[in-house]
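Results of the structural survey
Below, each chain spelled out in residue letters.
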2 protein chains.
Amino acid sequence: MAPKQNAFDQKKSAILSEIKSVSPDLSPKGSIDELCLPIIHLINSHEDMVTTSSCSGRLSVFAEGSKDVKSKIGGKGDGGKWLFVTHDKNAVSDWTSQFNFTVAKDMRTDSTTRYILYKYEPFILHVKCRDFASASQLYNTAMSCGFRESGIGSNHIVAVRISIKLDVPIGTFLDDQLQLFVEERYLSMLNNITLMKFQDNERKMRELYDKIQNEIIGKPLQETTAQPETKAERFERKRREGLERQRQLQK
Amino acid sequence: MAPKQNAFDQKKSAILSEIKSVSPDLSPKGSIDELCLPIIHLINSHEDMVTTSSCSGRLSVFAEGSKDVKSKIGGKGDGGKWLFVTHDKNAVSDWTSQFNFTVAKDMRTDSTTRYILYKYEPFILHVKCRDFASASQLYNTAMSCGFRESGIGSNHIVAVRISIKLDVPIGTFLDDQLQLFVEERYLSMLNNITLMKFQDNERKMRELYDKIQNEIIGKPLQETTAQPETKAERFERKRREGLERQRQLQK
């Protein structure tokens, strides 16, 4: 009989075997974004953490569905659909060639207008932690690295979020046509900006990887991680680390 | 001598007397947004919570500063400035008349281009709670009300966030001129969308107010609030509440 596991360990085993399996996962895309894999494997190497969902960052062009007065702008509405989604920065620049656009004759809109929204959304990651101390440790590391919209939720799940965004109404869906509010060269420029956002986003992901490696995986969980380190604590830690290095050198 | 207060109570007293004072606060605007006042007063009526910062939602038009390769798009950069900020939906429609725009001759941009960004940002609120149980209660209420980007941070501070956004590069700052990438009637349409976002945002604030009133202020903190209520717990609670109502009626 296998040794008895607690709830966290059971959940973690189940998730890890799902990540290893070749069958599609529950996301629309059906698999983990490749750019997320290093950070996912790093975090899952920690015995108190397991990743539960992720997106490496994406460009999407979305046509809103029909709206009644109650539904909000940007909501899916009835019959909304994604015209284009990519997680690959190399696929950004030429999506416009896949569609025929017409130019919107007027731009009068109201609360029922079905907008076409061009969006860039950055990396997001959810990590279930064993307890509040490990959740706090991950939260503090993410915040100190610029992921300023991170937060701890129910069941010690940390959402790691950053604000690198675009959210642009580029046209409308009218008489079954995609009518543009902007010139096609504006779309090319948006694609250009999106490319830079993909790059910024990747750079921040690498920074986060390094910080998690150095501050969490490389060192044991400390009792103080629920609070940011004070200057005195930092001084004391640096002193201890220095002494330890000296000891290693003398061996 | 005044009775001894713990750290949370001291902090709360200090914040409340600052809110009551007429001198400007530390925000760029110098005062609390009027639309936030009802929810701030409601939350501060709870003995385990105190609001620490808030914004009721705003439109801003921002000119990025000069950028080196390292700074990210949307960052302030060196010499960036707000051309326009309003928290008032009635001021949205006519800001364009305050500026002289020229039309951008070309839209070729690179990583040093100084963009003019048109942004709508929704209501955000930070609430310091006495302990993790009260922070979880507020977090769960916000999440269940559509504030899906909320999270608990350090020191039991809950960030209440929702995703009602616009983030549009409308032009560039070149040769000391504001050069538009879009037509002026596109700006009018953006203003129109922003107005609807202000309205959506206000509606969500009212929903949140009602939920906090009904689920937190109106009922005592329960041990189970760190976890969402299960179906069985809900059934049991409803049964108890029904019996209580019957008892009241029979009196």
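This write-up is about the structure you can find in this document. (Residues numbered from 1 in each chain as written. Chains lettered and ligands numbered in written order. Predicted model: local features only at pLDDT ≥ 70, side-chain atom pairs only at ≥ 80, totals over all residues. Heavy atoms only, no water.)

1. With respect to the overall build of chain A
Assigned secondary structure in chain A consists of 5 helices and 8 strands. When the helices and strands of chain A are placed in sequence order, the string is α-α-β-β-β-β-α-β-β-β-β-α-α. Per-residue burial for chain A yields a buried fraction of 45% across its 251 residues. In the form shown here, chain A has an accessible surface area of approximately 13600 Å², with 52% of it arising from carbon and sulfur atoms. (Helix = DSSP H or I, 4+ residues; strand = E, 2+ residues; numbered from the N terminus. Buried < 20%, exposed > 50% of the residue type's maximum accessible area, 1.4 Å probe, protein only. Areas by Shrake-Rupley, 256 points an atom, 1.4 Å probe, with all protein chains shown as cover.)

2. Focus on the packing of helix α2 (residues 37-44) of chain B against helix α4 (residues 184-217) of chain B
Residue and element names in this part refer to chain B. Packing of α2 against α4 leaves a shortest axis separation of 10 Å and a crossing angle of 15°. If you check the angle between α2 and α4, you find them roughly parallel. The handedness of the crossing between α2 and α4 comes out as left-handed. Here P38, I39, L42 and I43 of α2 come into contact with α4, specifically with M205, L208, Y209, I212, Q213 and I217. (Axes fitted to C-alpha atoms, helices over the stretch in contact; angles between N-to-C directions. Parallel < 35°, antiparallel > 145°, perpendicular 65-115°, else oblique. Left-handed = near helix turned anticlockwise from the far one by under 90°. Contact = heavy atoms within 4.5 Å.)

3. Notes on α2 of chain B
All buried positions along α2 of chain B are accounted for by I39, I40, L42, I43 and N44 of chain B. Where α2 of chain B is buried, its residues contact α1 (7-20), β1 (49-63), β4 (115-129) and α4 of chain B.

4. Quick notes on the packing of aromatic side chains
All names here are of chain A. Applying the stated rule across the entire model yields 21 aromatic pairs over all chains. Ring centres of W95 and F99 lie 5.9 Å apart, and the angle between their planes is 65°; this geometry places the pair in the edge-to-face category. Classification of W95 as buried rests on a relative accessible area of 0%. With relative accessibility at 21%, the residue F99 sits in the partly exposed group. Ring-pair connections join several aromatic residues into one group, and the members of that group are F84, W95, F99, F101 and Y118. (Phe/Tyr/Trp six-rings, centres within 6.5 Å; stacked < 30°, edge-to-face > 60°.)

5. Brief notes about the interface of chain A and chain B
Listed per partner, the contact involves 45 residues of chain A and 46 residues of chain B. The tally of links between chain A and chain B comes to 1 salt bridge. With a shortest N-O distance of 4.0 Å, E149 of chain B and K165 of chain A are connected by a salt bridge. Counting every contact that joins chain A to chain B gives 12 residue pairs in polar contact (both at pLDDT 80 or more). For the side of chain A that touches chain B, the elements supplying multiple residues, two or more each, are α3 (132-144), β5 (151-152), β7 (166-174) and α4 (184-217) of chain A. Examining the composition of the side of chain A that touches chain B, we find that 10 residues originate from one element, α4 of chain A, more than from any other. (Salt bridge = Lys/Arg side-chain N within 4 Å of Asp/Glu carboxyl O. Polar contact = N/O pair within 3.5 Å; in protein donor to acceptor, adjacent residues only side chain to side chain.)

6. Considerations on the relation of the copies chain A and chain B
To go from the first copy of the chain to the second, apply a rotation about an axis and then a shift along the same axis. Of the transformation superimposing chain A on chain B, the axial component is 0.0 Å and the angular component is 180°, with the fit at an RMSD of 0.1 Å. The symmetry that links the two subunits is that of a two-fold axis. Within chain A, G151 of chain A has its C-alpha nearest the rotation axis, a separation of 1.9 Å. By residue overlap, the copies meet face to face through one surface: 100% of the interface positions of chain A are interface positions in chain B. (Least-squares fit on C-alpha atoms with pLDDT ≥ 70 in both.)

7. A look at the environment of C129 of chain A
All names here are of chain A. Its place among the elements puts C129 in strand β4 (residues 115-129). For C129 and M49, which are 80 residues apart along the polypeptide, the C-alpha to C-alpha distance reads 4.4 Å. Setting aside residues up to four positions removed in sequence, C129 forms contacts with F8, D48, M49, S134, A135, L138, N155, H156 and V158.

8. Regarding the pattern of salt bridges
All names here are of chain A. Taken as a whole and judged by the stated rule, the model has 25 salt bridges over all chains. With its nearest N and O atoms 2.9 Å apart, the salt bridge here joins D9 to R130. Within this pair, whereas D9 is found in helix α1 (residues 7-20), its partner R130 is found in the loop between β4 and α3, the two being separated by 121 residues in sequence. Among the salt bridges present, the one from R130 reaches D48, with a minimum N-O distance of 2.6 Å. Taken together, the residues span a long stretch of sequence, with R130 in the loop between β4 and α3 and D48 in the loop between α2 (37-44) and β1 (49-63) at a distance of 82 residues. The exposure class assigned to D48 is buried, which follows from its relative accessible area of 10%. Through salt bridges with shared partners, one network takes in D200, R203, K204 and E207.

9. Brief notes about the pairing of strand β6 (residues 157-161) of chain A
All names here are of chain A. The buried fraction of β6 is high, at 4 of 5 residues. Where β4 meets β6, 5 bridges bridge the pair, whose relative direction is antiparallel. Pairing of V127 across the sheet is with V158, part of β6. Bridge count between β5 and β6: 2 bridges; the pairing is antiparallel. What sits directly across from G151, in β6, is A159. The hairpin formed by β5 and β6 contains 4 residues between the paired strands, and N155 there has a positive phi angle of roughly 55°. (Pairing = 2+ DSSP bridges.)

10. Description of the side chain of S60 of chain B
By the element assignment, S60 of chain B lies in strand β1. Other than its neighbours up to four places away in sequence, S60 of chain B contacts W82, F84, V85, L117, Y118, K119 and E121 of chain B.

11. What to know about unusual backbone geometry
Excluding glycine, most residues fall at negative phi; most peptide bonds, likewise, are trans. Residue and element names in this part refer to chain A. The backbone phi angle of H156 is positive, close to 55°, even though this residue is not glycine. With respect to the secondary-structure elements, H156 resides in the loop between β5 and β6. You can call H156 partly exposed: its relative accessible area is 24%.

12. Examining the nonpolar core
Ranked by size, the top nonpolar core spans 112 residues in total, and within it I170 and Y186 of chain A together with I170 and Y186 of chain B carry the most contacts. Setting aside anything within four residues of it in sequence, one finds Y186 of chain A in contact with V168 of chain A together with M107, V168, P169, F181 and V182 of chain B. (Core = buried A, V, L, I, M, F, W, Y, C linked by side-chain atoms within 4.5 Å.)

13. Looking at the environment of G80 of chain A
All names here are of chain A. In this structure, G80 sits in the loop between β1 and β2 (81-86). A sequence separation of 13 residues divides G80 from K67, and the C-alpha atoms of the two residues are 9.5 Å apart. Apart from residues lying up to four places away in sequence, G80 is in contact with F62, A63, E64 and G65.

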